[in-house]
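# Observations on chain architecture
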Amino acid sequence: MVDRLFAGVLFLVALGYTYIAFTAIKAPFQYDPLGPESWPQLLGIVALLCSGYLFARPEVASFGLKLPTWGRLAILVVLLFGYAELFRPAGFIVATFAFCSLLSLMLGARILPALGFGAATGVVGFFLCTRVLELNLPAGVFAAYL
Amino acid sequence: MDAIITGLGQGFATALAPLNLFLVLAGCFCGTLIGALPGIGPINGVAILLPIAYGFGLPPESAIILLAGIYYGAEYGGRISSILLNVPGDAGAVMTTLDGNPMAKKGEAGRALSLSAIASFVGGTFAVVLLTAFGPALASYAVTFSPSDYVALMVFAFASLASLVGSNPVKTLFGAVIGLILASVGIDANTGVERYTFGVPDILAGIDFLVVVIGLFGMAELITLVEHQAAGTLKALKIDKSFVSMSDLMRVKWTILRSAIIGFFIGILPGTGASVASAVAYGTEKRVAKDGHLLGTGDIRGLAAPEAANNAAAGGAMVPMLTLGIPGSGTTAILLGALLLFNVTPGPLMFTQRPEIAWGLIASMYIGNIALIIINLPLVGLFARMLTIPQQYLTPLIGVLAFIGVYSVVSNPHDLFMITALGVFGWIMRKLNYSLAPVILGFVLGSLFEDNLRRALSISGGDWLILVESWNAVVLYVLAILVVVLPILASRRRASALAEGDSPATQA
């Protein structure tokens, strides 16, 4: 069932991709016999055939996960999107502290070690990356002090 | 022959430069650590560390030497979690669990670990020797390839991918097409026409390779780890004082040699890599041995075979990457993408135009193999201790590394959302038995495939017959057909043999 659902979604995406390839992609001057549209047309058709086949003959019935696992995975994805959202405005240290502390808490760490781990990863990670490795990371709220 | 010796000499001069020597050792060490972690295999390890290596601002030959060190270090380290935890780091290490873990349970973990280190060393070194011997010749032959020959080569690459990787060939093919589709986004280099950019300026230059790799591998790995943690904790077996003996080595010498040869040649086939190599080597041992039924119960031959084969395959996979510009495995696809990030075009001309990269990499593999055995035999206890680091701290670090990696190189917050979304997509694909390696192979080969097809047709003025006009191309198409048809015929034969065996006439 999930296999069919996934193949169905991909079929729709492939349909959109192929439609654009046949209608929207046009070169004002064509230098080669294929042009920019033929390759996507070819790929679109193969993608439609593959996803159509998988829709008709799915093999995986379910993900086989229990409800609590789904809950954890949902929290993880929310945490990751939150981390991405906070990364630039709040800065690496704050965003990493929040992400690491919350995720390690969810995975079973006790509250104080989790907070310590989050703080250490944020601060040590920031200085290690920006000062030692000279990588570019956002300072965010600490921009005036760092 | 002279050219090989000169080239190798130049390669050693590059690889033994203090910075590069340090990078080989650091790469091997970090790779072993990563490979030893449960669940993280070479492909994820290289994917997660790639942007960091890129961010160092190293010259291309040094960066690729570091990444290659991580690659075969991780291939080496995979055996530690396989043997002590019964958890393979990736598909290539699955066969190692079959006899490695039973040995550890019998109290022979030390013997298993030391034997597998030696088998890995022999397999890895054997592959580098063959790479040195045949690589340059293959490269100078490949220089004569025309665009239409390259098209045939791509067809062969995707054909061998579809028949050898994963359980469902359609899913494998679809994965490769998804990669090709992702690669078609951006401005078309030949005409300047925008394709699938939807007016978003961030993707005018195409979807960044790092974003795809980190998303599909790094983030999907993170989600998988959290999923496994919900299922329960893992307990590692302790290492004892036992060690491999000379009589053990004598007993498995032919096994190791056979498996190294099998591993190397399977590794060369585009897209297959360590998982197929170790499975075939294990199966061969089982057939060759008179007492094959003992394999799977903690037999040293069952441990030596996949270990020699998967390390030989890692070396073999470098052959098409260095000589043809076509990766032999998912991990070499990432290495190939890394070279492109450094504006180095991998392929046959690399041996003549960028010898410091091609030969430096080969020489570093000799050094890496020796370094790996030297650090692995005494330090195996240290690597094994990695298994006891609590997962609740290790898992968040993978997320942080992925974010640092993407942001420090691309500096675009949109990419952070993109890797997360790709991570979810990659995780779903994994759960539904899609293999992710074809996606990355398709992504890396996409523009090469399209460019060569268009170039070939430009030369012929649109006549498709040009694609089958040279002998190179014809041979490759025949090989492509054989790679697809032979496994189907073999499975039919097996099925009919089984059916005959079940029939009443033979039972009576």
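Analysis parameters
- Residues numbered from 1 in each chain as written.
- Chains lettered and ligands numbered in written order.
- Predicted model: local features only at pLDDT ≥ 70, side-chain atom pairs only at ≥ 80, totals over all residues.
- Heavy atoms only, no water.
- Helix = DSSP H or I, 4+ residues; strand = E, 2+ residues; numbered from the N terminus.
- Rg over C-alpha atoms; globule rule 2.2 N^0.38 Å.
- Contact = heavy atoms within 4.5 Å.
- Areas by Shrake-Rupley, 256 points an atom, 1.4 Å probe, with all protein chains shown as cover.
- Lys, Arg positive; Asp, Glu negative; His and termini not counted.
- Charge placed at Lys NZ, Arg CZ, Asp CG, Glu CD.
- Buried < 20%, exposed > 50% of the residue type's maximum accessible area, 1.4 Å probe, protein only.
- Salt bridge = Lys/Arg side-chain N within 4 Å of Asp/Glu carboxyl O.
- Domains from an automatic or database assignment.
- Expected span 1.5 Å × (residues − 1).
- Patch = residues over 30% accessible without salt bridge, like charges linked within 9 Å, V, L, I, M, F, W, Y side chains within 5 Å.
- UniProt positions renumbered as here; feature names shortened; annotations may be inferred.
- Buried area = accessible area lost by both parts, 1.4 Å probe.
- Polar contact = N/O pair within 3.5 Å; in protein donor to acceptor, adjacent residues only side chain to side chain.
- Nonpolar A, V, L, I, M, F, W, Y, C, P; charged D, E, K, R; others polar.
- Axes fitted to C-alpha atoms, helices over the stretch in contact; angles between N-to-C directions.
- Left-handed = near helix turned anticlockwise from the far one by under 90°.
- Core = buried A, V, L, I, M, F, W, Y, C linked by side-chain atoms within 4.5 Å.
- Phe/Tyr/Trp six-rings, centres within 6.5 Å; stacked < 30°, edge-to-face > 60°.
- Lys NZ or Arg CZ within 6 Å of the ring centre and 35° of its normal.

Below, the discussion takes up the overall build of chain A. If you tally the helices and strands in chain A, you get five helices and zero strands. Here the C-alpha atoms of chain A give a radius of gyration of 24 Å, more than 25% beyond the 15 Å that 2.2 N^0.38 yields for 146 residues. Referenced to the eigenvectors of the C-alpha coordinate spread, the extents of chain A come out at roughly 60 × 45 × 20 Å. Taking contacts inside chain A between residues at least 6 apart in sequence as the whole, the part at least 24 apart equals 56%. Carbon and sulfur atoms provide 72% of the accessible area of chain A, an area that totals close to 7700 Å². Looking at charge distribution, chain A has the averaged site of its 8 positive side-chain charges lying 15 Å from that of its 6 negative ones.

This paragraph deals with the overall build of chain B. Within chain B, the secondary structure is distributed over 21 helices and two strands. For chain B, whose C-alpha radius of gyration is 22 Å, the value lies close to the compact-globule estimate of 23 Å for 508 residues. Overall, chain B is about 65 × 60 × 55 Å in size when its C-alpha atoms are taken along their principal axes. Counting only residues that meet the buried cut, chain B has 61% of its 508 residues in that class. The long-range fraction of contacts in chain B, counting pairs at least 24 apart against all pairs at least 6 apart in sequence, stands at 79%. Counting 25 positive and 27 negative side-chain charges, chain B places the averaged centre of each group 12 Å from the other.

This model, assessed by the stated rule, comprises 13 salt bridges over all chains. Across the pair Glu59(A) and Lys171(B) runs a salt bridge whose closest N-O atoms are separated by 3.1 Å. With Glu59(A) in the loop between α2 (35-56) and α3 (67-90) and Lys171(B) in helix α8 (residues 169-183), this residue pair bridges two chains. Exposure remark for Glu59(A): the relative accessible area of 41% places this residue in the partly exposed category. On the basis of relative accessible area, Lys171(B) is assigned to the buried category, the value being 1%.

Bringing the domain arrangement of chain A into the picture now. Under the domain assignment, chain A is made up of domain 1 (1-56) and domain 2 (67-140). The distance between the C-alpha centroids of domain 1 of chain A and domain 2 of chain A comes to 38 Å.

Between its first and last C-alpha atoms helix α12 (residues 300-316) of chain B spans 24 Å; for 17 residues at 1.5 Å apiece the expected length is 24 Å, and the two agree. Of all 17 residues that make up α12(B), 17 are buried, and the element is covered over most of its length.

Before going further, it helps to examine a nonpolar patch on the surface. Together, Trp471(B), Val475(B), Val478(B), Leu479(B), Ile481(B), Leu482(B), Val484(B), Val485(B), Leu486(B), Ile488(B) and Leu489(B) make up an exposed nonpolar region whose accessible area comes to about 990 Å². In this structure, Val484(B) sits in helix α20 (residues 471-502).

Residue and element names in this part refer to chain A. Mapped onto this structure's residue numbering, the UniProt feature "transmembrane region" (unreviewed entry) falls at residues 39-56, 63-84 and 114-133. Split by type, residues 63-84 is 82% helix and 0% strand. Its first and last C-alpha atoms lie 27 Å apart. Counting secondary structure, residues 114-133 comes out at 95% helix and 0% strand; the distance between its end C-alpha atoms is 26 Å.

Opposite the 64 residues of chain A that make contact, chain B presents 64 residues. Note on chain A versus chain B: buried area summed over both sides is about 5700 Å², and carbon and sulfur give 80% of it. Counting the surface chain A buries against chain B, the share from its top three residues, Phe6(A), Trp39(A) and Phe63(A), is 12%. Where chain A meets chain B, there are two salt bridges. Our enumeration of links across chain A and chain B arrives at eight residue pairs in polar contact (both at pLDDT 80 or more). By residue number, the principal contributor to the side of chain A that touches chain B is α3(A), which donates 13 residues. Of the residues contributing to the side of chain A that touches chain B, the split by class is 49 nonpolar, eight polar and seven charged.

A few words on the packing of helix α10 (residues 246-268) of chain B against α12(B). Residue and element names in this part refer to chain B. Packing of α10 against α12 brings their axes to within 7 Å, and their N-to-C directions diverge by 35 degrees. You can see that α10 and α12 cross each other, and the crossing is right-handed. Packed against α10, whose contacting residues are Asp248, Arg251, Val252, Thr255, Ile256, Ser259, Ala260, Gly263, Phe264, Gly267 and Ile268, the element α12 presents Ile300, Arg301, Ala304, Ala305, Ala308, Ala309, Ala312, Ala313 and Gly316 at the interface. Partitioned by chemical class, the residues of the contact of α10 with α12 number twelve nonpolar, five polar and three charged.

Let us now look at the environment of Gly116(A). Residues and elements named next belong to chain A. Looking at where Gly116 falls in the secondary structure, it is placed in helix α5 (residues 111-132). Using a relative accessible area of 41% as the deciding quantity, one classes Gly116 as partly exposed. Sequence separation of Gly116 and Phe97 is 19 residues, and the distance between their C-alpha atoms is 8.8 Å.

Let's shift gears to the nonpolar core. Ile80(B), Met318(B), Ile334(B), Ile362(B) and Phe403(B) are the most contacted members of the largest nonpolar core, which has 203 residues in total. The element that contributes the greatest number of residues to this core is helix α16 (residues 355-385) of chain B, accounting for 15 residues. Split by domain, the residues of this core number at least three in each of domain 1 (1-56) and domain 2 (67-140) of chain A. Non-local contacts of Ile334(B), meaning those with residues more than four positions away in its chain, are made with Ile43(B), Val46(B), Ala47(B), Leu50(B), Phe209(B), Val213(B) and Ile440(B). Residues Ile266(B), Ala277(B), Ala309(B) and Ala313(B) belong to the second largest nonpolar core, which totals seven residues.

Here we take up the UniProt feature "domain: DUF1468" (unreviewed entry) in chain A. Mapped onto the present numbering, the UniProt feature "domain: DUF1468" (unreviewed entry) falls on residues 7-138 of chain A. Each end of residues 7-138 of chain A is marked by a C-alpha atom, and these two atoms are 39 Å apart; helix forms 76% of the span and strand 0%.

We now examine the packing of aromatic side chains. For the structure on display, the rule yields 26 aromatic pairs over all chains. When the ring of Phe63(A) is compared with that of Trp70(A), the centres are 5.5 Å apart and the planes differ by 70 degrees; the resulting orientation is edge-to-face. Taken together, a centroid distance of 5.6 Å and an interplanar angle of 90 degrees make the contact between Phe126(A) and Phe127(A) edge-to-face. Here Phe126(A) falls in the buried class, since its relative accessible area comes to 3%. Each residue in the set Tyr83(A), Phe87(A), Phe92(A), Phe99(A), Phe126(A), Phe127(A), Phe403(B) and Tyr407(B) is aromatic and connected to the rest through ring pairs, giving one cluster. When the ring centre of Phe55(A) is taken as reference, the NZ or CZ atom of Arg4(A) above it lies at 5.4 Å. Here Lys171(B) stacks its cationic end above the ring of Tyr434(B), 5.0 Å away from the centre of that ring.

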